[in-house]
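# Structural description and commentary
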Amino acid sequence: MPPKPKRTTKSLQDKTIDIFEGMTIVELAKLAGEPITTLQDIVVNVGEKVTSEFDPLSIDVAELVAMEIGLNVRRIHSNEGTDIVPRAPVITVMGHVDHGKTSLLDALRQTSVAAKEAGGITQHLGAFVVGMSSGASITFLDTPGHAAFSAMRARGAAVTDIVVLVVAADDGVMPQTLEAMSHAKEANVPIVVAINKCDKPAADPERVKTQLGAEGLELEDLGGNVQVVEVSAVKKTGLDDLETALLIQAEMMDLKARIDGPAQAYVVEARLDKGRGPLATAIVKAGTLVCGQHVVVGSQWGRIRAIRDGMGKLTEQARPAMPVEIEGLKGLPMAGDDIVVVDSEERARMLSSGRKRKFDKDRLIKINEERIETPEPTEEGPKRIEMPVIVKADVQGTVQAVTDALKTMNSPQLFVNVVHVGVGSVSQSDVDLALACGACIIGFNVKCPPSSVGMAATRAGIKILMHRVIYHLLEDIGNMIVDKAPGTYETQVAGEAEVLSIFELKGRSKAKGDDVKIAGCRVMDGCVSKSSTVRLLRSGEVVFEGCCLSLKREKQDVEKVGKGNECGLVIRDWDDFQVGDVIQCMEQVIRKPKFISSESGAVRIEC
């Protein structure tokens, strides 16, 4: 019989299985494709008693066992409960940058957030509750529209019930509009279109509807089921119609959730507060999150010390569709992590350490795969330069967005290596790390470092870039990459000369060599240099390429002859000149890469 094929580590890393509370070892072994005895040994190692392979496992132990094998897991929670009640809809506002998403929310809740945003564009994923004039409450998520924040928009679509797609009436469908539509479709979330800026003279809502219809969105006006509302955030018109459309959509969905039992929650954003430590902004999906519970968030754990609502007020518990900020975690979680409630500190520690081991193992596998896939630079081509970077930002989601944007700027000539990321202002330890690895430090949306840290960086020659707007940051980094990149050598035409006549030197002595033919030329463009390679063109085709043996102007040896001047030129190993031939002077130049920024905000380095 042929030997059983071995599974590679990569295939295990990519495999994801569903786990649930009360699953047996037999069910887990079937999903994982592992022997029952192997799983029983792992269960014993994590401190659980095993009497039979049909004993139910807790969902936490099932996750630990799966991670020990090397699998990814997806928790399947039961929605059954004794107390199921209607809940408020969670609505994400998405769309292209500067189409008025935040201004529309400001108009709905009578505030002015957009004016406080750096550069007038949203760079965070904010969550808050808006009380409508009808008395209903809606939880809103505001997502940034810049191309660099794609991951934030994907997270917003994943946790939401309805997506409000904001399109400017005077601008129409743009790249991030299409991206938002794809995120909503992937998450299987209904869309309500809000055509904003209808008060502008150049507004053309009908053109926007036609564009959306052409992109496959089934609008009500075209016989579909997607509602379209024309609004103006500045004039505050159409807001009641938008509210009605959202409530109708929510009513059709019949949104309900259990409020008893442990909570299921989703981290929207995470930041580090100087006085309160790691803070996570979360939205509860089901159950009730209670102060004092032990939780595992990604690979971090902690005991909830305080829960604050959207207004910053302390509350004892959080119910479904309620955005809250929790404190008490031991470390900073990643935006997008699930919050898992566990029954003891021991279980929280065990699950957290298991997830950290799995995360570190996957990270090492990924690094090794990248090293294998990246070809080594050849001796002929230019070496790939590495530019180490340290990224510090105000919240975890922004750190991820900036890091992802920097990785898109990698090129065959230069590799942007993000050696460290963190939340909070630039510290002395960041400067020490930058000095050790020769990195530059990027501080995004954080306070300027203390003067002592700034002076230490200056003395060490460490560059610190402080920015509050993503456009300016990417432009700065792009210019730095262009400066540091080695460039590629290219051969280009430095000058052209036309052969007007041919002279022949005869009767030379044997010591001086054979007879010589000289091409009498006029330089038509650029300049002709004696040290450069030359090539002879006849009827547009290259007939010879070599080096210049002699270059004279008015019987004087010269190094260069400029445009419009006449000269005599001798080419080594070539004497078959004809009147009308073109002699091109070639030179090697270094072509640097170009930093290109598109209208949508996407950037790239073109070599």
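Reference entry: report on the structure contained in this document. Note that this is a predicted model, so its numbers are computed, not measured. Along every chain, residues carry numbers that run from 1 in the direction the sequence is written. Residues qualify for local features only when their pLDDT is at least 70, as the model is predicted, and side-chain atom pairs are given and counted only at 80 or more; totals for whole chains, interfaces and linings, by contrast, use all residues. As a rule here, side-chain values come from all non-hydrogen atoms in the structure, and water together with hydrogens is ignored.

## Details of the packing of aromatic side chains
Our working definition: Any pair of Phe, Tyr and Trp rings, taking the six-membered ring for Trp, is counted once the centres come within 6.5 Å. Such a pair is stacked with planes under 30 degrees apart, edge-to-face with planes over 60 apart, and tilted for the rest. Helix numbers and strand numbers start at the N terminus; a helix is a DSSP run of H or I with at least 4 residues, a strand a run of E with at least 2. A 1.4 Å probe rolled over the protein chains alone gives each residue an accessible area, and that area as a share of the maximum for its type sets the label: buried under 20%, exposed over 50%, partly exposed in between.
Evaluation of the coordinates by the stated rule reveals one aromatic pair. A centroid spacing of 5.0 Å and a plane angle of 20 degrees characterise the contact between F544 and W574, whose relative ring orientation is stacked. Pair noted here: F544 is in strand 27 (residues 541-553) and W574 is in the loop between strand 30 (566-571) and strand 31 (582-591), with a separation of 30 residues, a long-range link. An identical accessibility class is assigned to F544 and W574; each is buried.

## What about helix 11 (residues 396-407)?
Note that an α-helix has 3.6 residues per turn; residues three or four places apart therefore point the same way. Which entries qualify depends on this criterion: Expected helix span is taken as 1.5 Å per residue step, with the number of steps being one fewer than the number of residues.
Given a rise of 1.5 Å per residue, twelve residues ought to cover 16 Å, and the 17 Å separating the end C-alpha atoms of helix 11 matches this to within 8%. By the criterion of burial, helix 11 is predominantly enclosed, with nine of the twelve residues buried. Residues Q396, G397, T398, V399, A401, V402, T403, A405 and L406 constitute the buried set of helix 11.

## So, the pairing of strand 1 (residues 16-19)
Put simply, the rule reads: Note: two strands are recorded as paired if DSSP finds a minimum of 2 bridges between them.
Only one face of strand 1 is covered, namely the one carrying I17 and I19; the face carrying T16 and D18 has none of its residues buried. Direction of pairing for strand 1 relative to strand 2 (residues 72-75): parallel, over a ladder of four bridges. Pairing of I19 across the sheet is with R75, part of strand 2.

## Topic: the sheet that holds strand 20 (residues 385-393)
For clarity, the threshold we go by: Every axis corresponds to a line fitted to the C-alpha atoms, with the helix fit spanning only the stretch in contact, and the corresponding angles, defined between N-to-C directions, vary from 0 to 180 degrees. Should any heavy atoms of two residues lie within 4.5 Å, those residues are considered in contact.
Overall, parallel pairing links the four strands, which are arranged 21-20-22-23 in an open sheet. For this open sheet the edge positions go to strand 21 (414-423) and strand 23 (464-467), each flanked by a neighbour on one side alone. Neighbouring strand axes in the sheet, compared pairwise and without regard to direction, differ in orientation by 25 degrees on average. Running over the sheet, helix 11 touches strand 20, strand 21 and strand 22 (440-444) and is turned about 175 degrees from strand 21.

## Observations regarding the nonpolar core
Put simply, the rule is: Remark: nonpolar core denotes a set of buried residues (Ala, Val, Leu, Ile, Met, Phe, Trp, Tyr, Cys) joined through side-chain atoms within 4.5 Å.
In terms of nonpolar packing, the biggest core is built from 25 residues, with L104, L108, F140, L242 and L246 touching the most fellow members. Among the elements of the structure, strand 4 (90-95), helix 5 (101-109), strand 5 (126-131), strand 6 (137-142), strand 7 (162-168), strand 8 (191-196) and helix 9 (239-253) are those that each provide at least two residues to this core. Counting residues per element, this core draws most heavily on helix 9, at five residues. Dropping the residues within four chain positions of it, L242 is found in contact with L104, L108, V192, A194, V229 and V231. The next biggest cluster of nonpolar side chains, apart from the first, holds 23 residues, and it includes M387, V389, V416 and V418.

## Re helix 4 (residues 59-69)
With ten of eleven residues buried, helix 4 lies mostly within the body of the structure. Taken together, the buried positions of helix 4 are occupied by I59, D60, V61, A62, E63, L64, V65, A66, M67 and I69. Count one or two residues on from helix 4 and you reach G70, which has phi positive near 110 degrees.

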